[in-house]
Number of protein chains: 2
Amino acid sequence: MKNKLQIDIPNELDGIGRLEPFQGAFTKLKKGWMEEETVPPPNKAKMPHASKMCANLKEAILKTKPYNGMTISFHHHLRGGDNLVYEAVKILADLGIKDITLAASSLTTAHDPILPYFKDGTITQVYASGVRGELGKAVAQGALEKPLVIHSHGGRVRSVHTGKIKIDLAILAASAADEEGNATGSHGPSAFGSMGYAAIDSWYARQVIVVTDNIVDYPCVPQSITQNYIDYVVKVDSIGDPSKIAGGTTRITRAPMDLQIARLAAQVIEKSGELKDGFSFQVGAGGASLAVAKYIRKIMKQRSIKGSFLLGGVTSYGVVMLNEGLFRSIFDVQSFDAAVSSSLLNNTYHIEIPAGLYANPFNCGCMTNKLDVVVLGALEIDTNFNVNVITGSEGYVRGASGGHSDTASGANLTVVVCPSFRGRIPIVKEKVHTVVTPGESIDVLVTERGICVNPARPELKANLEAGGIKVKDIKDLAVEVEKITGKAKPIETTDRIVGIVEYRDGTVIDVIRQVAE
Amino acid sequence: MKNKLQIDIPNELDGIGRLEPFQGAFTKLKKGWMEEETVPPPNKAKMPHASKMCANLKEAILKTKPYNGMTISFHHHLRGGDNLVYEAVKILADLGIKDITLAASSLTTAHDPILPYFKDGTITQVYASGVRGELGKAVAQGALEKPLVIHSHGGRVRSVHTGKIKIDLAILAASAADEEGNATGSHGPSAFGSMGYAAIDSWYARQVIVVTDNIVDYPCVPQSITQNYIDYVVKVDSIGDPSKIAGGTTRITRAPMDLQIARLAAQVIEKSGELKDGFSFQVGAGGASLAVAKYIRKIMKQRSIKGSFLLGGVTSYGVVMLNEGLFRSIFDVQSFDAAVSSSLLNNTYHIEIPAGLYANPFNCGCMTNKLDVVVLGALEIDTNFNVNVITGSEGYVRGASGGHSDTASGANLTVVVCPSFRGRIPIVKEKVHTVVTPGESIDVLVTERGICVNPARPELKANLEAGGIKVKDIKDLAVEVEKITGKAKPIETTDRIVGIVEYRDGTVIDVIRQVAE
């Protein structure tokens, strides 16, 4: 069967089951409820004054009685500094546990060390928002027995609610926790900020272990995760390296071309009419996206505009804007650098939110639904505005769906910023290798070679042109790029599907095929 | 069948279904999980930027499409000042809706105005922690078609999780809310403090309306209730009268006998060995209970003891102790006077908690499980230490289960304080009219005529006696009381069961029979 983007989606896939093709960003939402049944959360019981403390992670894992075929989950708030996934998987592998489904909220290059466990049958399936580095390459080369499932941050919550991801054991790193498992990421030597992705795991996992390098006096305050969901607590020497939370994708670029694109994007936002009092704003990680905030800040100051909220992955730059009074509040599902933690801890208007409140499409209104403007990056964008943020030019998995499709669908104005080509590789092109966010959710593309407006938004085009911004047809831009880079050589793949890209509503927007090497 | 207390419990009851007899405080918990299946929470969907605002409560209620046989729910945080239950029930009654189940977290005398709807078939069943005043009398007289179900605060959460209470429409008063339904009780002209009982309703109700007299700029901070659970928002002129939150049961007594009992109870706590650094403490509402805090405060200061947390219904007196550094934190499921709100709003260590975290027995550890000492009141207590806090001497329903059995089962030391008789009515007696909390959960009874220790706690008796406290056999005390008051005339009832008292685990600990008049 073909989905709405005319991409072939198999009816069924071994290791996943029946697939439903993507039918449009709002097709399933318009009904006002989710047709798929949700699953009941577990209800455990504990005797009064029973201790949850374990001597070490192995003891805690043994207490949960691990077994072949189990699903384990982690959050990725320590990003490039995470140590826990490897530690836990190694313990399970040493215990001889096989056929594990790894349901991390995302995987980074910090997780390269678990590669051997992809190859020896310890881990046979992965659910994640993103996979990068050696793992992403291995997945594309067919290392996993069952297909990878890429989900958005909002989609992951839906998957857990519906039992598509059925977590047997969640192992949650915290930078501070007490003996009962009340936990936070907002203070302690390894502070990493929000624990937004971990909330759903704590609510739904059959068993939950909190791992910290910093046991504090009862009660741990704030309680990002509360004790009534926690089975065991473990003190370890280190949960990771918070200095590695901020990586390449979470710092404001200094590259002149990215800054130029960011400046243009800020102009687009200004002329769109969305930049007014009460305005809400999110910028994605990476490249030019974060830099847009820099120019928006300048315009807001010049025009004395006071915004409502900043959303998303939060950087120190966002905190500066909050402290300057440019925004009334920050909703923080993920902190992009360790410095954000102290604001999250001390400023009542810097609010930690769970991923479901951030972006799950199936509730009474996630935060992304309330966004005015989002600025997002792209690895590729096609002439129908479909965006790839997951596979690289060799066909390897090297990115993350993240909140891309969540925010793109919710925001009044969705701006994609990217260079039109990188090296000799076209970014704007006729067809992307993998679609993560459908073109219908993208309003405008800003590149160094021109600005393109989705034809579905003629009023936006008119506003921009009235504001003196030149708008270019995306097809013309693609042709222009192709003249410079030459026609991109398509990535050669086998027929084997090694991954699917789930849209946030659970339908399949694209598949990832094994690279032919 | 007979339950563990040898009380006859029918196998089944019209309007409720199969009943399970109480088998002991921990019988169902020891397994480590709940056998009864939980129900999945609803998953709705909302289109981006859709408005939730309604012109008035009637419009909001009409949008939820009310129908005969529905279950509606409310929190009781405005206690004696609540106006919303009446307003909402009147709208439903005027619309001709019949056979409503009213699942309020508790009902007070402020709800007397809904009495006509008990009698005309608008409301045919009530689930609540407590019923008082005209309603409690009417229930005991048989006004409701189906039996009243009395639950504890923790048990209510379990009931919602298991679908025993299936809320169709939750109508939640807030003292501040924004256009998306983020809401709090901690500020605004009608501030009432914690919204702890409302959380479970917001998560599980098929539809949720937030009603406020104080719409604030987006976002409302703090978000005691979050927008992803809220369908509609209504601004009304007044949600009630917060000056009536504090009532007779939530002020520290000035009655000399109550103060004497409280002073004795504080001595008992001190000599028990529980009053030490890291100590956690809860006092129930009413009579001598609150006054115990006064003496505990004095002892803690004298002995430089620093406690861990105060729990429960929180009074201004608790806030004073927090501010004096006598306790590290307060966990607040319910604020007993409006003055508590500003502490809840401004002090990070004054923490709002949902009722599930407070007291639901079926999770990984509620707060009541972590309690060292609780002081509770009683309407009656029998020679097996079974406590009645629900029916009065005429057999009318006039109290509340509240957190009584929750805290009693969890605390290391459970102290009941009450006079041994009131007027000519014995309080300590051979058999109470209705059991709410089983004697196995009560460690010591403190009255003006003596202190009695549960024979199951010989080490406690030894500690007290070693501390110079005289301990009396409860049977001797009952005989002594009977000599003064004369034998209590048993309350005459018919065979008709008009209510059941659920133990926190869902079993039935007692039934309430219609009074014969």
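Quick note: structure is the one above.
Residues numbered from 1 in each chain as written. Chains lettered and ligands numbered in written order. Predicted model: local features only at pLDDT ≥ 70, side-chain atom pairs only at ≥ 80, totals over all residues. Heavy atoms only, no water.

Some thoughts on the sheet that holds strand β25 (residues 428-429) of chain B
All names here are of chain B.
Part 1 of the argument: Taken together, the three strands give an open sheet; going across it, the order is β20-β19-β25, and neighbouring strands pair in mixed fashion. In this open sheet, the two edge strands, each paired with only one partner strand, are β20 (387-388) and β25.
Part 2 of the argument: In the sheet, strand β19 (residues 380-382) pairs with β25 via two bridges, with the strands oriented parallel. Across the sheet, Asp382 pairs through a bridge with Lys429, a residue of β25. (Pairing = 2+ DSSP bridges. Helix = DSSP H or I, 4+ residues; strand = E, 2+ residues; numbered from the N terminus.)

Some thoughts on the packing of aromatic side chains
Part 1 of the argument: If you walk through the whole model with that rule in mind, you get 16 aromatic pairs over all chains.
Part 2 of the argument: For the pair A:Phe281 and A:Phe327, a centre-to-centre distance of 6.5 Å together with 10° between the ring planes defines the contact as stacked. Taken as a pair, A:Phe281 in strand β14 (residues 281-283) and A:Phe327 in strand β16 (residues 327-335) lie far apart in primary sequence, 46 residues in all. For the pair A:Phe281 and A:Phe327, one class covers both residues: buried.
Part 3 of the argument: Pairing B:Phe309 with B:Phe331 gives two aromatic rings, centres 5.5 Å apart and planes at 85°, and the pair type is edge-to-face. Of the two residues, B:Phe309 is situated in strand β15 (residues 307-314) and B:Phe331 in strand β16 (residues 327-335); the sequence distance between them amounts to 22 residues. Like B:Phe309, the residue B:Phe331 is buried in the burial classification.
Part 4 of the argument: Among the aromatic residues, ring-to-ring pairing joins A:Tyr218, B:Phe309 and B:Phe331 into one connected group.
Part 5 of the argument: Cation over ring: B:Lys46 sits above B:Tyr232, and NZ or CZ is 5.7 Å from the ring centre. (Phe/Tyr/Trp six-rings, centres within 6.5 Å; stacked < 30°, edge-to-face > 60°. Buried < 20%, exposed > 50% of the residue type's maximum accessible area, 1.4 Å probe, protein only. Lys NZ or Arg CZ within 6 Å of the ring centre and 35° of its normal.)

Observations regarding the relation of the copies chain B and chain A
Part 1 of the argument: Taken as rigid bodies, chain B and chain A are interconverted by a rotation of 180° and an axial shift of 0.0 Å, the fit giving an RMSD of 0.0 Å. One copy is carried onto the other by what is essentially a two-fold rotation axis. For chain B, the minimum C-alpha distance to the rotation axis belongs to B:Pro40 and amounts to 1.9 Å.
Part 2 of the argument: A share of 100% of interface residues in chain B that are also interface residues in chain A marks the association as one of identical surfaces. (Least-squares fit on C-alpha atoms with pLDDT ≥ 70 in both. Contact = heavy atoms within 4.5 Å.)

Focus on the pattern of salt bridges
Part 1 of the argument: Under the counting rule described, the total for this entry stands at 54 salt bridges over all chains.
Part 2 of the argument: As a salt-bridge pair, A:Lys429 and A:Glu380 come within 2.7 Å of each other at their nearest N and O atoms. Of this pair, A:Lys429 sits in strand β25 (residues 428-429) while A:Glu380 sits in strand β19 (residues 380-382), placing them 49 residues apart in sequence. Each of the two residues, A:Lys429 as well as A:Glu380, counts as buried.
Part 3 of the argument: B:Asp8 serves as the salt-bridge partner of B:Lys2, at 3.1 Å between the closest nitrogen and oxygen.
Part 4 of the argument: Relative accessible area serves as the criterion here: at 44%, B:Asp8 is assigned to the partly exposed category. (Salt bridge = Lys/Arg side-chain N within 4 Å of Asp/Glu carboxyl O.)

Looking at unusual backbone geometry
Residues and elements named next belong to chain A.
Part 1 of the argument: Along the chain, Val221 connects to Pro222 via a cis peptide bond; the corresponding omega equals -5°.
Part 2 of the argument: Mapped onto the elements of the fold, Pro222 is located in the loop between β12 (207-212) and β13 (232-235).
Part 3 of the argument: The phi dihedral of His49 is positive, around 60°, even though this residue is not glycine.
Part 4 of the argument: By secondary structure assignment, the location of His49 is in the loop between β2 (17-18) and β3 (53-54).

Re helix α7 (residues 256-272) of chain A
Residue and element names in this part refer to chain A.
Part 1 of the argument: Between its first and last C-alpha atoms α7 spans 24 Å; for 17 residues at 1.5 Å apiece the expected length is 24 Å, and the two agree.
Part 2 of the argument: Buried residues of α7: Asp258, Leu259, Ile261, Ala262, Ala265, Ala266, Val268, Ile269 and Ser272, and no others.
Part 3 of the argument: In the segment just after α7, Gly273 is the residue with positive phi, at about 95°. (Expected span 1.5 Å × (residues − 1).)

Looking at the side chain of B:Asp213
Residues and elements named next belong to chain B.
Part 1 of the argument: Looking at the secondary structure, you find Asp213 in the loop between β12 (207-212) and β13 (232-235).
Part 2 of the argument: Buried charge without a salt bridge: Asp213, with Lys235 as the nearest opposite-charge side chain at an N-O distance of 6.8 Å.
Part 3 of the argument: Here the side chain of Asp213 touches Ser190 through a polar contact of 2.6 Å, side chain to side chain.
Part 4 of the argument: Sequence-distant contacts of Asp213, that is, excluding residues within four places in its chain, are made with Ala174, Ser175, Ser190, Lys235, Val236, Asp237, Ser238 and Ile239. (Lys, Arg positive; Asp, Glu negative; His and termini not counted. Polar contact = N/O pair within 3.5 Å; in protein donor to acceptor, adjacent residues only side chain to side chain.)

Re the sheet that holds strand β28 (residues 493-502) of chain B
All names here are of chain B.
Part 1 of the argument: The strand order β3-β13-β12-β9-β4-β5-β6-β8-β28-β29 describes an open sheet built from 10 strands, whose pairing is mixed. One side of each edge strand has no neighbouring strand; the edge strands of this open sheet are β3 (53-54) and β29 (508-515).
Part 2 of the argument: Bridge count between strand β8 (residues 148-150) and β28: three bridges; the pairing is parallel. By the bridge assignment for β28, Leu148 is matched with Gly499.
Part 3 of the argument: Sheet strands in contact with helix α2 (residues 84-94) are β4 (71-74), β5 (100-104), β6 (123-128), β9 (169-174) and β12, and its direction is about 160° off that of β4. (Axes fitted to C-alpha atoms, helices over the stretch in contact; angles between N-to-C directions.)

Let's talk about the pairing of strand β5 (residues 100-104) of chain A
On a regular strand, one side chain projects to one face of the sheet and the next to the other, so that they alternate.
Residues and elements named next belong to chain A.
Part 1 of the argument: Among the five residues in β5, five count as buried, and that is most of the element.
Part 2 of the argument: Residues Ile100, Leu102 and Ala104 line one face of β5 and the alternating positions Thr101 and Ala103 line the opposite face, and both faces are buried.
Part 3 of the argument: Pairing analysis gives four bridges linking strand β4 (residues 71-74) to β5, with the strands arranged parallel. What sits directly across from Phe74, in β5, is Ala104.
Part 4 of the argument: Crossover connection from β4 via helix α2 (residues 84-94) to parallel β5: handedness right-handed.
Part 5 of the argument: Relative to strand β6 (residues 123-128), β5 runs parallel, the two being bridged by four bridges. Counted as the bridge partner of Thr101 is Gln125 from β6. (Right-handed = clockwise from strand over helix to strand, strands pointing away.)

Concerning the packing of helix α7 (residues 256-272) of chain B against helix α8 (residues 287-302) of chain B
Residue and element names in this part refer to chain B.
Part 1 of the argument: Look at α7 against α8: their axes get within 8 Å of each other, and the N-to-C directions meet at 50°. In terms of axis orientation, α7 runs oblique to α8. Crossing of α7 over α8 shows right-handed handedness. Residues Asp258, Leu259, Ile261, Ala262, Arg263, Ala265, Ala266, Ile269 and Glu270 of α7 pack against Gly287, Ala288, Ala291, Val292, Lys294, Tyr295, Ile296 and Ile299 of α8.
Part 2 of the argument: Residues belonging to the contact of α7 with α8 are distributed by class as follows: 12 nonpolar, one polar and four charged. (Parallel < 35°, antiparallel > 145°, perpendicular 65-115°, else oblique. Left-handed = near helix turned anticlockwise from the far one by under 90°. Nonpolar A, V, L, I, M, F, W, Y, C, P; charged D, E, K, R; others polar.)

Remarks on helix α14 (residues 474-485) of chain B
Residue and element names in this part refer to chain B.
Part 1 of the argument: The end-to-end C-alpha distance of α14, which contains 12 residues, comes to 16 Å, matching closely the 16 Å that a straight helix rising 1.5 Å per residue would cover.
Part 2 of the argument: Those residues of α14 that fall on the buried side of the exposure criterion are Ile474, Leu477, Ala478, Val481 and Thr485. The buried side chains of α14 occupy one side of the element, clustering within an arc of 100° when seen end-on.
Part 3 of the argument: On its buried side, α14 packs onto β19, β23 (421-422), β24 (425-426), β25, β26 (444-447) and β27 (450-453).
Part 4 of the argument: Regarding α14, its N-cap is Asp473, as a side-chain oxygen of that residue lies 2.7 Å from the backbone nitrogen of Lys475 further along.
Part 5 of the argument: Phi for Gly486, located one or two positions after α14, is positive at around 80°. (Arc of directions from axis to C-beta.)

A look at the interface of chain B and chain A
Interfaces are often described in size by the accessible area the parts lose on coming together.
Part 1 of the argument: Taken together, the contact between chain B and chain A spans 59 residues of the former and 59 residues of the latter.
Part 2 of the argument: Here chain B and chain A share an interface that buries about 4,900 Å² over both sides, 57% of which is from carbon and sulfur atoms.
Part 3 of the argument: It is B:Asn43, B:His49 and B:Cys364 in chain B that bury the most area against chain A; as a group they hold 16% of the surface buried on that side.
Part 4 of the argument: Linking chain B to chain A there are four salt bridges.
Part 5 of the argument: Its salt-bridge partner being A:Lys370, residue B:Glu179 comes within 2.4 Å of it at the nearest N-O pair.
Part 6 of the argument: Our count for the contact surface shared by chain B and chain A stands at 35 residue pairs in polar contact (both at pLDDT 80 or more).
Part 7 of the argument: When residues of the side of chain B that touches chain A are traced back to their parent elements, those giving at least two are α6 (199-204), β15, β16, α11 (355-359) and α12 (404-410) of chain B.
Part 8 of the argument: Looking at which element gives the most residues to the side of chain B that touches chain A, the answer is β16(B), with three residues. (Buried area = accessible area lost by both parts, 1.4 Å probe.)

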